[in-house]
Amino acid sequence: MNAKTMDTTEARWRDEFPITRDLVYLNNCSLTPLPKRGRERIERFTREWTELGGRAWYDHWIGEYEQLRSDVAGVLGADDDEVAIEPNVSAGLVGIASTFDYEKRPKVVIADLDFPPDGHAFLAVAPRGAQVQFVRSPDRVRVPLELFERAIDERTAAVCTGHVYFTSGWIQDVQALAEICHRKGAVLVVDAYQSIGALPFDVHRSGVDYLVGGTLKWLMGGPGIAFLYARRAVAERVHPSAVGWWGVADPFAFDIEHLRPGEGARRFEYGTPAVAAIYAARAGIELLKEIGIATVRERHKLLSQRLVDGARDQGWTVRCPLDATERTTIVTLEHPEPQRAVDALRASGVICDSRPALIRLSPHYFNTLEEMDLALELLAPLRASPATA
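Residues numbered from 1 in each chain as written. Predicted model: local features only at pLDDT ≥ 70, side-chain atom pairs only at ≥ 80, totals over all residues. Heavy atoms only, no water.

Draft legend 1. Just unusual backbone geometry, in detail. For M220, which is not a glycine, the phi torsion comes out positive at approximately 60 degrees. With respect to the helices and strands, the residue M220 is situated in the loop between β7 (210-214) and β8 (226-230). On the basis of relative accessible area, M220 is assigned to the buried category, the value being 2%. Here A357, not a glycine, exhibits a phi torsion of approximately 65 degrees, which is positive. With respect to the element layout, A357 can be found in the loop between β11 (353-355) and β12 (358-361). A residue is classified by how much of its surface remains accessible, and A357, at 40% relative accessible area, is partly exposed. (Helix = DSSP H or I, 4+ residues; strand = E, 2+ residues; numbered from the N terminus. Buried < 20%, exposed > 50% of the residue type's maximum accessible area, 1.4 Å probe, protein only.)

Following this line, the structure appears as structure tokens:
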């Protein structure tokens, strides 16, 4: 599969990303490159700002904001009022962490493989009584459900963990985890930044209580916009202490003396949003809808398996599940000096990333099998030592 052998739809989709003309881009779980239509939408925003000034809020921008809410709800399988627009995932987590009564239930359970803000948001409320307990991965790839089940008890307020772990790509069974949490009366908070847009997923079917994610990875919308899902029954009874003027029932009443939370998840929203990021985010989600998440998922499995199999043939220690059905398209390889290896690949036109002791590669739908083979060819001389596992 290369650009010449792609069908018309696939080739048109790849053409949305001009970076593919010059580079093999395998860093999509950090930041997908800007698609053509994303740039066009940002340029539309700048025209509106230039020509309309503040009037653009009422003529265009508030409408785009609400349309983004609907777009995200469609991706998640949520209702519009269960989605809050956030400036980033960290802000969403801070809002969620502010809602619990830690005197009644002090414990919060988090995996040691989770992305740092998942832990930081709850460590920060330790003065209010939160007690964070970390579940330890036995292999640095996955966290078995039984370890969570052992940690969750009647003192547990929440479990906060990833749908997909950022250093291994392993897909956690969050539906089963939600059932474990609910049996003990705990709330499940899922960080889905690494999964939404890469995996078909339905929040209602999953049973999760909260979910946070953003648009700069598989949704191809760039930084500046994130989102928070709050199950309606949960959102209606909580009162975040982290609040903003767009998170109230009627922001444009400009009522400073009363705090009336917004309906549903809207009460988790903060202040004035980054409008240019909204335009880029909507363009990325539109692209994803045209191809379909299920189709993207199949391409991800094909491309990532080529990387895993090729790396193992070369003798690399692979720090991700070997079976494509158990991981997203994140592929991680152990290396004592990962940044050195990443820099060498960059010099040859292959863009990937590093994490502690790991080279991380993450192809997307626009990549090809030939690009995977080129990356493997360049990786071969960079392997520092024989595999140990």
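Next comes the rest of the account.
Draft legend 2. Region of interest: the pattern of salt bridges. Counted under the stated rule, the structure contains 29 salt bridges. Here E286 makes a salt bridge to R37, at a shortest N to O gap of 2.6 Å. With E286 in helix α10 (residues 275-291) and R37 in helix α2 (residues 36-52), this pair connects stretches of sequence that are 249 residues apart. Note that R55 is salt-bridged to D59, the shortest N-O span being 3.1 Å. Pair noted here: R55 and D59 are both in helix α3 (residues 55-76), with a separation of 4 residues, about one helical turn. If you follow the salt bridges from partner to partner, you end up with E16, R37, R41, E286 and E290 in one network. (Salt bridge = Lys/Arg side-chain N within 4 Å of Asp/Glu carboxyl O.)

Draft legend 3. How the structure looks around a nonpolar patch on the surface. The grouping of Y58, W245, F252 and F254 at the surface amounts to a nonpolar patch, some 470 Å² of accessible area in total. As for its placement among the helices and strands, F252 is situated in the loop between α9 (232-235) and α10. According to the relative accessible area criterion, F252 is partly exposed, its value standing at 37%. (Patch = residues over 30% accessible without salt bridge, like charges linked within 9 Å, V, L, I, M, F, W, Y side chains within 5 Å. Areas by Shrake-Rupley, 256 points an atom, 1.4 Å probe, with all protein chains shown as cover.)

Draft legend 4. Focus on the packing of α2 against α3. Close contact between α2 and α3 brings their axes to 8 Å; oriented N to C, the two are set at 155 degrees. Taken together, α2 and α3 sit at an angle that is classed as roughly antiparallel. Two packed elements cross with a definite hand, and for α2 against α3 that hand is left-handed. Packed against α2, whose contacting residues are R44, F45, E48, W49 and L52, the element α3 presents R55, A56, D59, H60, W61 and E64 at the interface. Broken down by class, the residue content of the contact of α2 with α3 amounts to 5 nonpolar, 1 polar and 5 charged. (Axes fitted to C-alpha atoms, helices over the stretch in contact; angles between N-to-C directions. Parallel < 35°, antiparallel > 145°, perpendicular 65-115°, else oblique. Left-handed = near helix turned anticlockwise from the far one by under 90°. Contact = heavy atoms within 4.5 Å. Nonpolar A, V, L, I, M, F, W, Y, C, P; charged D, E, K, R; others polar.)

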